[in-house]
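Okay, here's what each chain looks like letter by letter:
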Protein chains: 2
Amino acid sequence: MGIGIDLGGTAIKGGIVDQLGVIQEERMLRTQSQLGYAQVLDDLVLLIKELQQLSPAETAVGIGIPGILSGDGTTVVSCPNLNWQNRALKQDLERLLTLEVLLVNDATAACIAEAAFGSTRGRSSSVMLTLGTGVGGGVIINDRVISGAHGVASEIGHMIMAENFYNCNCGKNGCLETFASATALIRYCRKQLAEGVESDLKAAENFDARRIFEAAKAGDSLALAAVNRLARYLGWAIANISDLIDPEIFTIGGGLSGAGEFLLERVKAETKSRLTYPATAMPEIVLATFRNEAGMIGAANLCHFI
Amino acid sequence: MGIGIDLGGTAIKGGIVDQLGVIQEERMLRTQSQLGYAQVLDDLVLLIKELQQLSPAETAVGIGIPGILSGDGTTVVSCPNLNWQNRALKQDLERLLTLEVLLVNDATAACIAEAAFGSTRGRSSSVMLTLGTGVGGGVIINDRVISGAHGVASEIGHMIMAENFYNCNCGKNGCLETFASATALIRYCRKQLAEGVESDLKAAENFDARRIFEAAKAGDSLALAAVNRLARYLGWAIANISDLIDPEIFTIGGGLSGAGEFLLERVKAETKSRLTYPATAMPEIVLATFRNEAGMIGAANLCHFI
């Protein structure tokens, strides 16, 4: 059993996760980040204490954070969603709790959930890519999470691939997430439509990534080009990661992974065409098991991966 | 103490390396790869037995291989320099020796030498880039060598960066080593000269990379452009590697590292400009300590990094 917290910009979700990765109890609070750090801290303590009462044997709690942690995992260096900078969250919480507090990046938490109970279970090395509004990542090698010397490992979405027509939120140009996220898909299609490209998407007022995948599956040439472009950059990134750390398996999560085999088969082909040793060293590439519960499940199991 | 072998295309070098990383005894044989696998095997056994007599307490020997090993480190999957494919070298040698045989890629051996006694000593995570005819790499995380699920990790030279005007030896286009090796420098300068660009290099019949660096330091604009281009792609690769695994330190070895600070300052600037968190997560970037002895020293210390 373990207690896992998913601290998001909208909600703080906490769960008691059993040895099979099933959430036995779940509690949720609204994230009141507009009221400041002290309020969120109080709410976290409230939630954790409640879960602790339900499972008194626990000695630790894992918390997934939508931001950057320090290399030693004690401090939230930057968390734009909560408007936090350099917050000593581990120390601040441990002062108010009788549990050890372990912090982890939220995409890494999802990667742990997959490795412990999901699509990458039983593999000692795995890389997760979460394709949503942005592109998040998690890296596990030798059954340990790689958080990096400065806490910024697994920022896969910000690997620079090539020049792109718009800048990333991070300020750089060419980041993977400007090619391989839902945002990237939508912006690419909008730009092509504005340039006069014909497409069924023209009729849809505010199309989202799901609509683009539907159109692509129906044969719309713009939507198909957009999906193929995304798969090309994703396969390219996966091949480069393989040349560097050669993990056993990659798992693709986040909202876009709902496109299933249609996306997966393209990403596999693009990866293979860019690998140095495609015949002998093609990694497995699969779809993630968990969706919204990944953060809690992963955070609750963090202690087994550090 | 340890026995380390550097199996190269021209020579088999073996050394007894002490606890300070100093080679106490060294023996060398010509690599007779033209006589086939059995001959090289016999010569390896001869050399190792001789070293074993000099240091009878040894229980293992490490061998650096200029090729690709299987994920379990027992088999040489591919070694173009020796014309070997799928050779069960560990098993074949252990049948003929009373020592445990450990195999490692030669660039990874160099990375170990740096981590054990050289430029990255005391750091638990480091990445080495060797800039020579090609670009080799080594990756150490949590004091362990990362060889990968299929044995092809640290093939940093084959990460695809961008389209280039010539193909890599591996058959792909755009590999880092076509931008950041001695070969890349020379080919870029030759191409520019052929297109009519003015340069002091024109007078030099068969210029090498050292000559290009000399000309760049003297202010020759083509040579300077070539060096800056190399630094740009190297910095880009280092930034992408940092976003993925965020090592404490990078070390640059191989022949081109002889260019010293002139190269290093450029690579640092290019890395910084592409990092996602340059203010908080800039890795150290240094020059390697060892040259020709790196293979032996690293191979002799492999047992401490697996």
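Residues numbered from 1 in each chain as written. Chains lettered and ligands numbered in written order. Predicted model: local features only at pLDDT ≥ 70, side-chain atom pairs only at ≥ 80, totals over all residues. Heavy atoms only, no water.

The name recorded for chain A in an unreviewed UniProt entry is ROK family protein, from Acetobacterium malicum.

Judged by nonpolar contacts, the single largest core of 104 residues is most densely connected at Leu176, Ile212 and Ile245 of chain A together with Leu176, Ile212 and Ile245 of chain B. Once residues lying within four places of it in the same chain are set aside, the contact partners of isoleucine 212 of chain A are Leu185, Ile186, Cys189, Leu201, Phe207, Ala223, Ala226 and Val227 of chain A. (Core = buried A, V, L, I, M, F, W, Y, C linked by side-chain atoms within 4.5 Å. Buried < 20%, exposed > 50% of the residue type's maximum accessible area, 1.4 Å probe, protein only. Contact = heavy atoms within 4.5 Å.)

By the secondary structure assignment, serine 119 of chain A is in the loop between helix H3 (106-117) and strand S9 (126-131). At a separation of 2.8 Å, a polar atom in the side chain of serine 119 of chain A contacts the side chain of threonine 251 of chain A. (Helix = DSSP H or I, 4+ residues; strand = E, 2+ residues; numbered from the N terminus. Polar contact = N/O pair within 3.5 Å; in protein donor to acceptor, adjacent residues only side chain to side chain.)

According to the stated counting rule, one finds 8 aromatic pairs over all chains in the structure shown. Relative to tyrosine 233 of chain A, the ring of phenylalanine 179 of chain A has its centre 3.9 Å away and its plane inclined at 15°; by these criteria the two rings are stacked. Placement of the pair is phenylalanine 179 of chain A in helix H4 (residues 177-180) and tyrosine 233 of chain A in helix H7 (residues 221-245), with a sequence separation of 54 residues. For the residue pair phenylalanine 179 of chain A and tyrosine 233 of chain A, the accessibility class agrees, reading buried in each case. Both rings, one in tyrosine 37 of chain B and one in tryptophan 84 of chain B, keep their centres 4.9 Å apart while their planes meet at 80°; by these two values the pair is edge-to-face. (Phe/Tyr/Trp six-rings, centres within 6.5 Å; stacked < 30°, edge-to-face > 60°.)

Listed per partner, the contact involves 41 residues of chain A and 42 residues of chain B. It is His150, Leu244 and Asp246 of chain A in chain A that bury the most area against chain B; as a group they hold 20% of the surface buried on that side. Scanning the region where chain A abuts chain B turns up 2 salt bridges. In this structure, lysine 172 of chain A and aspartate 243 of chain B form a salt bridge, with 3.4 Å as the shortest nitrogen-oxygen distance. For the interface between chain A and chain B, the tally reads 24 residue pairs in polar contact (both at pLDDT 80 or more). Of all elements in the fold, only strand S10 (135-141) and H7 of chain A reach the threshold of two or more residues within the side of chain A that touches chain B. Its residues placed into classes, the side of chain A that touches chain B shows 22 nonpolar, 12 polar and 7 charged. (Buried area = accessible area lost by both parts, 1.4 Å probe. Salt bridge = Lys/Arg side-chain N within 4 Å of Asp/Glu carboxyl O. Nonpolar A, V, L, I, M, F, W, Y, C, P; charged D, E, K, R; others polar.)

Here we come to the domain arrangement of chain A. Residue and element names in this part refer to chain A. For chain A, the assigned domains read domain 1 (2-104) and domain 2 (119-287). The partner domain 2 presents 6 residues to the 4 residues of domain 1 that form the contact. Between domain 1 and domain 2 the total buried area reaches about 340 Å² when both faces are included, carbon and sulfur atoms providing 54% of it. When the area that domain 1 buries against domain 2 is broken down by residue, the three leading residues are Ile68, Leu69 and Gly71, summing to 82%. Counting across the domain 1 and domain 2 interface gives 0 residue pairs in polar contact (both at pLDDT 80 or more). Looking at side-chain class alone, the side of domain 1 that touches domain 2 contains 2 nonpolar, 2 polar and no charged residues. (Domains from an automatic or database assignment.)

Looking at where proline 247 of chain B falls in the secondary structure, it is placed in the loop between helix H7 (221-245) and strand S12 (249-253). Sequence separation between proline 247 of chain B and proline 283 of chain B is 36 residues, and the spatial gap between their C-alpha atoms is 6.9 Å.

The next subject is the packing of helix H5 (residues 182-194) of chain A against H7 of chain A. Residue and element names in this part refer to chain A. For the pair H5 and H7, the least separation of the axes is 10 Å and the interaxial angle reads 140°. Here H5 lies oblique to H7, going by the angle between them. Judged by the twist between their axes, the crossing of H5 over H7 is right-handed. The residues of H7 that touch H5, namely those facing Leu185, Tyr188, Cys189, Gln192 and Leu193, are Leu222, Ala225, Ala226, Val227, Arg229 and Leu230. Among the residues making up the contact of H5 with H7, the classes are represented as 9 nonpolar, 1 polar and 1 charged. (Axes fitted to C-alpha atoms, helices over the stretch in contact; angles between N-to-C directions. Parallel < 35°, antiparallel > 145°, perpendicular 65-115°, else oblique. Left-handed = near helix turned anticlockwise from the far one by under 90°.)

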